[in-house]
Amino acid sequence: MFWDKISSVYDLFEKIYNGKVYMGTGKKVAELINVWLMVNG
């Protein structure tokens, strides 16, 4: 089947892309926490 042939490529792309998204989200959350601590700390 088509999906069986491309699934490994899709999985690799998904891991790379999601890793970048999660890293970016984590950095932004850390920045917001630091700002919140400066304002409220």
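As shown above, the structure is provided for reference.
Just so it is clear, the structure is predicted and the values come from calculations on it, not from any experiment.

Enquirer: Just to check I follow, could you spell out the packing of aromatic side chains for this structure?
Expert: Aromatic rings in a pair are described by how distant their centres are and how their planes are angled relative to each other. In total, this model carries two aromatic pairs according to the counting rule given. Both rings, one in Trp3 and one in Tyr10, keep their centres 5.3 Å apart while their planes meet at 55°; by these two values the pair is tilted. With a relative accessible area of 48%, Trp3 lands in the partly exposed category. The class of Tyr10 is partly exposed, set by a relative accessible area of 40%. Where Phe13 meets Tyr17, the ring centres are 5.9 Å apart and the plane angle is 10°; that geometry is what we call stacked. With Phe13 and Tyr17 both in helix 1 (residues 2-40) and four residues apart, the pair spans about one turn of that helix. Residue Phe13 is classed as exposed on the basis of its relative accessible area, which comes to 54%. Residue Tyr17 is classed as partly exposed on the basis of its relative accessible area, which comes to 48%.

Reading the values: rules and limits
- Counting from 1, residues in each chain are numbered in the order their sequence is written.
- Thresholds applied to this predicted model are a pLDDT of at least 70 for local features of residues and 80 or more for the giving and counting of side-chain atom pairs; totals over whole chains, interfaces and linings are not thresholded and use all residues.
- Note: side-chain values were computed over all heavy atoms of the structure, leaving out hydrogens and water.
- Geometry of aromatic contacts follows a simple scheme: Phe, Tyr and Trp rings, the Trp one being its six-membered ring, pair when their centres are within 6.5 Å, and the pair is stacked under 30 degrees between planes, edge-to-face over 60, tilted otherwise.
- Partly exposed describes any residue whose relative accessible area lies between the buried limit of under 20% and the exposed limit of over 50%, with all areas from a 1.4 Å probe on protein chains only and scaled to the type maximum.
- We count a stretch as a helix when DSSP gives it H or I for four or more residues in a row; a strand needs E for two or more, and each element gets its number in order from the N terminus.

From the geometry alone we can't say anything about function, so treat these as descriptive.
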